[in-house]
Amino acid sequence: MDLNISRRFLLGGAAGSAVAGLAGCATNSSAVAEDVGAFPATTTTVENPYLLGPPEGVALLSRNENPYGPAQSAKDMIAYAADKGAYYTAQGATEKLKAMIAERHGVTPDHIALSTGSGEILSALALHYGPKGPIVAPRLFWDTTALYAKNLGMAEIARVPLSAEMEIDLPAMEAAVSDTTGAVQLCNPNNPTGLSTPGDVIRPSVRRMAAKAPVIVDEAYIELADDEAATTCIPLVKEGLDVIVTRTFSKIYGMAGIRMGYLIAKPEIAQAIQPIVMSWTPSTSIAAAIGCYNDMEFINMSKGKIIEAKQMITTTLDTLGMDYLPSQTNFIYFKSGKEANALQKALAEQKISVRGQYMDYNEWTRVSMGMIADVDRFVKALPGAVASI
Ligand SMILES: Cc1ncc(COP(=O)(O)O)c(C=O)c1O
């Protein structure tokens, strides 16, 4: 660590600026929502005396992390990998992780490609398929990687409005897909809505679309779905279709800062994408993933905390008479009836960080499940924050 930097952070008087910085991720309303995307980059940083993690006293409920992670099983392996950090990652480590993932999902390891977080492999997919034709996607989804390719001039995004219930409108998406489509991309469950589309609804639709263009199904939150096996599109990969499922260690595994993700697709696709991911995933990340991939005790503990937090929030929203979408993720999208950016600011004054406005959904706020104590602060602060606007 650069000592000057650390001293500057330590002496910087972070508390005041942390609050000021919390409201810094609002959408620029003058820009076209589609161009800015649903997840614009944060322009203001939160100064943090500890450099990493939330500043002291801040309830960080804006980024869909699992604050109970990483698991001890991951941390033990990170320490082991750090000790061997002089060496490039051994092939045996990547092979072991691929084998573990393949075994869980009943495919062979050549169906797996690894990346430094799933964002990287989604970016690689957008760069690979974008030049072939537009990426057909729901209007509101985690669009960061499709926009990455778009901003490089390598993709166009054809956005399909959500249904009146804010679900992914699969019939409309099917109608938008043709032989000139570069790829289809959707998240299941979706972000920021938190809604999940059941497997018996999504799979037939994805099957039909995959006959015309490759379909990318981003399953970043699927371990939190009510029934993961009944929701995932991995069975379509096993049928040999042009379906690519992406997953991450950033969410339920609590490794957002460690960075590890992967795709599952037929071998031709996995082998085409693996060489074009841009980074060499750190050995610490691979080791951590090996350590915790089958750590069901940690997964179940995390799920329990997330369910508990969701119940606390939905109870409060019910009491306040606010609408919310039934979430199968670690966040809840609710309609406060107030300007989302104003609510974000009001909560930031109490050092509670939630997301600001997405696109033109100006009365909707996304709150992530954090530590139970932080969620408790949120539910206690919400009525007053709403009343103050
Ligand atoms: C739906 C979805 N997919 C993918 C990602 C990327 O996550 P990561 O790159 O940390 O795996 C995110 C991050 O928030 C997300 O919400």
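Because the structure is a prediction, the values reported are computed rather than measured.

Draft legend 1. The overall build of the protein, seen in detail. The helix and strand tally for the protein stands at 16 helices and 12 strands. The proportion of buried residues among the 389 residues of the protein is 53%.

Draft legend 2. How the structure looks around the site of the ligand. Around the ligand, the surrounding shell holds 13 residues, and the nearest of these are D218, Y221, T248, S250 and R259. Take N191: an N or O atom from its side chain is 2.7 Å from an oxygen atom of the ligand. The fraction of the free accessible surface of the ligand (400 Å²) that becomes covered by protein chains is 91%. In the shell around the ligand, the residues fall into four nonpolar, six polar and three charged.

Draft legend 3. Main features of unusual backbone geometry. That bond from N188 to P189 is cis: its omega, -5 degrees, falls within 30 degrees of zero. Position of P189 relative to the elements: it lies in the loop between strand 5 (183-187) and helix 9 (199-210). Across the junction of N191 and P192, the peptide omega takes the value 15 degrees, indicating a cis bond. Following the sequence through the fold, P192 ends up in the loop between strand 5 and helix 9. Although it is not a glycine, M166 adopts a positive phi angle of roughly 65 degrees. Relative to the helices and strands, M166 resides in the loop between strand 4 (157-160) and helix 8 (170-176).

Draft legend 4. Region of interest: the packing of helix 6 (residues 118-129) against helix 7 (residues 144-151). Interaxial distance between helix 6 and helix 7 falls to 8 Å at its minimum, and their mutual angle equals 45 degrees. As judged from the angle between their axes, helix 6 and helix 7 are oblique. Both helix 6 and helix 7 take part in a crossing whose hand is right-handed. On the side of helix 6, the interface is formed by G119, L122, S123, A126 and L127, while helix 7 contributes T145, A146, Y148 and A149.

Draft legend 5. Geometry of the pattern of salt bridges. By the definition in use, this model includes 14 salt bridges. The partner of R208 in a salt bridge is E174, with the nearest N and O atoms 2.8 Å apart. Of this pair, R208 sits in helix 9 while E174 sits in helix 8; the two residues are 34 residues apart in sequence, bridging distant segments of the chain. When its relative accessible area of 49% is taken as the criterion, R208 is described as partly exposed. Here E239 makes a salt bridge to R207, at a shortest N to O gap of 2.7 Å. Taken as a pair, E239 in the loop between helix 11 (234-238) and strand 7 (243-248) and R207 in helix 9 lie far apart in primary sequence, 32 residues in all. What makes E239 partly exposed here is its relative accessible area of 44%. When salt bridges that share partners are traced, they join E219, E223, E228 and R247 into one network.

Draft legend 6. Region of interest: the packing of aromatic side chains. Counted under the stated rule, the structure contains 10 aromatic pairs. Both rings, one in F249 and one in Y262, keep their centres 6.1 Å apart while their planes meet at 55 degrees; by these two values the pair is tilted. Residue F249 is found in the loop between strand 7 and strand 8 (261-264), and its partner Y262 is found in strand 8; the two are separated by 13 residues along the sequence. Here the aromatic cluster, defined as three or more aromatic residues joined through ring pairs, consists of F39, Y333, Y358 and W364. In this structure, R104 packs its charged tip against the face of Y293, placed 3.8 Å from the ring centre. The residue whose ring lies beneath R366 is F331, and the NZ or CZ to ring-centre distance is 5.4 Å.

Draft legend 7. Quick look at the packing of helix 5 (residues 91-105) against helix 13 (residues 283-292). Two elements in contact, helix 5 and helix 13, have axes separated by 10 Å at closest approach and are oriented at 35 degrees. For the crossing formed where helix 5 meets helix 13, the hand is left-handed. When helix 5 is examined against helix 13, the residues A93, T94, K96, L97 and M100 are found in contact with a partner set consisting of I286, A289 and I290. Taken together, the residues of the contact of helix 5 with helix 13 sort by class into six nonpolar, one polar and one charged.

Draft legend 8. Local environment of the environment of E156. Mapped onto the fold, E156 is located in the loop between helix 7 and strand 4. Between the C-alpha atom of E156 and that of A146, which follows or precedes it by 10 residues, the distance is 8.0 Å. With near-sequence residues (within four places) excluded, E156 lies in contact with P134, I135 and K150.

Draft legend 9. Just the pairing of strand 6 (residues 215-218), in detail. Burial along strand 6 is two-sided: the residues V215 and V217 and I216 and D218 are all buried. Bridge analysis of strand 5 against strand 6 gives four bridges, and the strand direction is parallel. Bridge pairing links L186 to V217 in strand 6. Regarding the hand of the β-α-β motif, the stretch spanning strand 5, helix 9 and strand 6 is right-handed. Pairing of strand 6 with strand 7 involves four bridges; the strand directions are parallel. Residue pairing across strands places V217 opposite V245, the latter belonging to strand 7.

Draft legend 10. A look at the pairing of strand 10 (residues 331-335). Most of strand 10 sits inside the fold, with four of its five residues counted as buried. Pairing of strand 9 (residues 323-324) with strand 10 involves two bridges; the strand directions are antiparallel. What sits directly across from Y324, in strand 10, is F334. As paired elements, strand 10 and strand 12 (residues 364-368) share five bridges and run antiparallel to each other. Of the residues in strand 12, the one forming a bridge with F331 is S368.

Parameters at a glance
Residues numbered from 1 in each chain as written. Predicted model: local features only at pLDDT ≥ 70, side-chain atom pairs only at ≥ 80, totals over all residues. Heavy atoms only, no water. Helix = DSSP H or I, 4+ residues; strand = E, 2+ residues; numbered from the N terminus. Buried < 20%, exposed > 50% of the residue type's maximum accessible area, 1.4 Å probe, protein only. Near = heavy atom within 4 Å. Polar contact = N/O pair within 3.5 Å; in protein donor to acceptor, adjacent residues only side chain to side chain. Areas by Shrake-Rupley, 256 points an atom, 1.4 Å probe, with all protein chains shown as cover. Nonpolar A, V, L, I, M, F, W, Y, C, P; charged D, E, K, R; others polar. Axes fitted to C-alpha atoms, helices over the stretch in contact; angles between N-to-C directions. Parallel < 35°, antiparallel > 145°, perpendicular 65-115°, else oblique. Left-handed = near helix turned anticlockwise from the far one by under 90°. Contact = heavy atoms within 4.5 Å. Salt bridge = Lys/Arg side-chain N within 4 Å of Asp/Glu carboxyl O. Phe/Tyr/Trp six-rings, centres within 6.5 Å; stacked < 30°, edge-to-face > 60°. Lys NZ or Arg CZ within 6 Å of the ring centre and 35° of its normal. Pairing = 2+ DSSP bridges. Right-handed = clockwise from strand over helix to strand, strands pointing away.

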